[in-house]
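An overview of the molecular structure
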Amino acid sequence: MPTTLLAIESSCDETAVAILRHDHGKVDTLASEISSQIDIHREFGGVVPELASRNHSLHLRPLIEIALKNAGITIDAIDAFGATAGPGLASSLLVGNTTAKSLALSAGKPFISVNHMEGHLLSPFLGQQDLHSNLALIVSGGHTLLIHMKDFGDYTLLGSTRDDAAGEAYDKVGKMLGLPYPGGPEIEKQARSGSPTAFAFPRSMMKDGLHFSFSGLKTAVLYQLEKLDPTQGKAPADAIPDLCASFQQAVIDVLVHKTLLAAEQCGERLITLSGGVSCNQALRKAMQKACDDRGYELRIAAPALSTDNAAMIAFVALHSHLRGHSSSLHEDINPNLQLIAAP
Ligand code: KG4
Ligand code: ZN
């Protein structure tokens, strides 16, 4: 019997709805719709929580209709509903989570609450029935995690950031350089015409196990800006590509080094890369080369599935549902939801 599941993602500034169908060991994406609010938040230089939740409320219902239409089904065909329960912005999470619970309640179907980070973790396997044990690097706006995934639900945290996440560092440095929000894709664009060796920025905690720290790097960029223009502390336009390329190279060097170290430590030959920062082509290339050199297999989700989307949330919910798990409608959202408790 095929199983069809609809899931909602609304943890930050993307409203997203996806419908997946599992049939004879195959998982098909029937619809994956995203309504991005980036343009709304850009003029404020970052996400404004109240604007985010109001826009989720406005766009979610029509997006569900569009997803059903694109999937060619009606809501009666949905066997289970899923939604992100955290981590994320409380007021944003509530919109998607409560909507999915209401749909499940009115249809008398199960509800499955999903950890957003588990969505990223499983995204490189989307479309496949089988999951494989792997060493995962998740690099998003709020998290930098090294996880040993042995099976669905069997995750060991090997490393995380002591301060800023990789994406957060990109966004903060982008802001310092006067680039539009979000900084990640803008820095990548600027870096293409810059030199990665123009400025010697620090590679923090390189010899310090599997944890990360990116705030020292951010401060080093700030000091460099003050050196370049002591009166304003602003980047001269012609220095921006070099600053971006040198910053990006420092981030990539640390991410690649620690990922390979973690793979070696846990003995995994398969490495996965996920989260918004994994859209970065320079990071993908550097990680691919490092994996090729050592004979590791690398799996990365397509860019559209690396940033926030509902297909990855539906995928986790589907795996839970197929294992007979469901969540209580009384289960609250949790803005600080952890995927794995730190050891
Ligand atoms: O996974 P995601 O969409 O949302 C969170 O769960 O946080 O990640 C968003 C982060 C932002 O910090 C954004 O600047 C970064 O991913 N990002 C990038 C790129 N595209 C998005 N960072 C570097 N290069 C990119 N091309
Ligand atoms: Zn995310």
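Residues numbered from 1 in each chain as written. Chains lettered and ligands numbered in written order. Predicted model: local features only at pLDDT ≥ 70, side-chain atom pairs only at ≥ 80, totals over all residues. Heavy atoms only, no water.

**Considering the domain arrangement of the chain**
Applied cut-off: Segment limits for the domains were obtained from an automatic or database-derived domain assignment. We call two residues in contact when some of their heavy atoms are within 4.5 Å. Here the buried area means the combined drop in accessible surface, using a 1.4 Å probe, for two parts upon being joined, counting both sides. By definition here, a salt bridge exists when the distance from a side-chain nitrogen of Lys or Arg to a carboxyl oxygen of Asp or Glu is within 4 Å. N or O atoms within 3.5 Å of each other form a polar contact, as long as, within protein, one can give a hydrogen and the other can take it, and as long as residues adjacent in sequence are counted only when both atoms are side-chain atoms. Labels follow the DSSP assignment, with helices taken as runs of H or I lasting at least four residues and strands as runs of E lasting at least two, numbered in each case from the N terminus. Charged residues are taken to be Asp, Glu, Lys and Arg, nonpolar residues to be Ala, Val, Leu, Ile, Met, Phe, Trp, Tyr, Cys and Pro, and polar residues to be all remaining types, Gly included.
Under the domain assignment used here, the chain contains domain 1 (3-126 + 305-322) and domain 2 (134-300). A separation of 27 Å is found between the C-alpha centroids of domain 1 and domain 2. Each partner contributes to the interface: domain 1 provides 20 residues, whereas domain 2 provides 26 residues. Both faces considered, domain 1 and domain 2 share a buried interface measuring about 1800 Å² in area, 72% of it formed by carbon and sulfur atoms. Put simply, domain 1 and domain 2 have zero salt bridges between them. Between the two partners, domain 1 and domain 2, sit seven residue pairs in polar contact (both at pLDDT 80 or more). For the side of domain 1 that touches domain 2, the secondary-structure elements that each account for two or more residues are α1 (38-42), α4 (116-122) and α11 (311-322). Broken down by element, the residue count for the side of domain 1 that touches domain 2 peaks at five residues, all from α4. Split by residue class, the side of domain 1 that touches domain 2 holds nine nonpolar, eight polar and three charged.

**Observations regarding the coordination of the zinc ion (ligand 2)**
So the rule is basically this: Coordinating donors are taken as N, O and S atoms within 2.8 Å of the metal, stretched to 3.2 Å for Na, K and Ca; because water is absent from the atoms, sites can appear incomplete. Here the metal geometry follows the donor angles, with tetrahedral for four donors whose angles all fall between 85 and 135 degrees, square planar for four and octahedral for six when opposite donors are more than 155 degrees apart and every other angle is between 65 and 115, and irregular for all the rest. Categorising residues by exposure relies on relative accessible area from a 1.4 Å probe, with only protein chains included: less than 20% of the type maximum marks a residue as buried, more than 50% marks it as exposed, and the intermediate range marks it as partly exposed.
The protein atoms that coordinate the zinc ion (ligand 2) are His-116 (NE2), His-120 (NE2) and Asp-308 (OD), at distances spanning 2.0 to 2.1 Å. For the zinc ion (ligand 2), the four donor atoms in the first shell make angles of 94 to 132 degrees at the metal, a pattern classed as tetrahedral. Written as a sequence motif, the donor arrangement for the zinc ion (ligand 2) is H-x3-H-x187-D. With His-120 in helix α4 and Asp-308 in the loop between α10 (303-306) and α11, the pair connects residues that are 188 residues apart, well separated along the chain. Assessed through its relative accessible area of 16%, Asp-308 is described here as buried.

**Considerations on the packing of aromatic side chains**
Note the threshold: Each pair of aromatic rings taken from Phe, Tyr and Trp, with Trp reduced to its six-membered ring, is defined by centres within 6.5 Å and is described as stacked if the planes are under 30 degrees apart, edge-to-face if over 60, and tilted in the remaining cases. Definition used: whenever NZ (Lys) or CZ (Arg) falls within 6 Å of the ring centre and also within 35 degrees of the ring normal, the charge is taken to sit over that ring.
Applying the stated criterion across every chain yields a total of three aromatic pairs. Ring geometry for Phe-199 and Phe-201: centres 5.9 Å apart, planes at 20 degrees, overall stacked. Looking at Lys-258, its charged tip hangs above the ring of Phe-212, at a distance of 6.0 Å from the centre.

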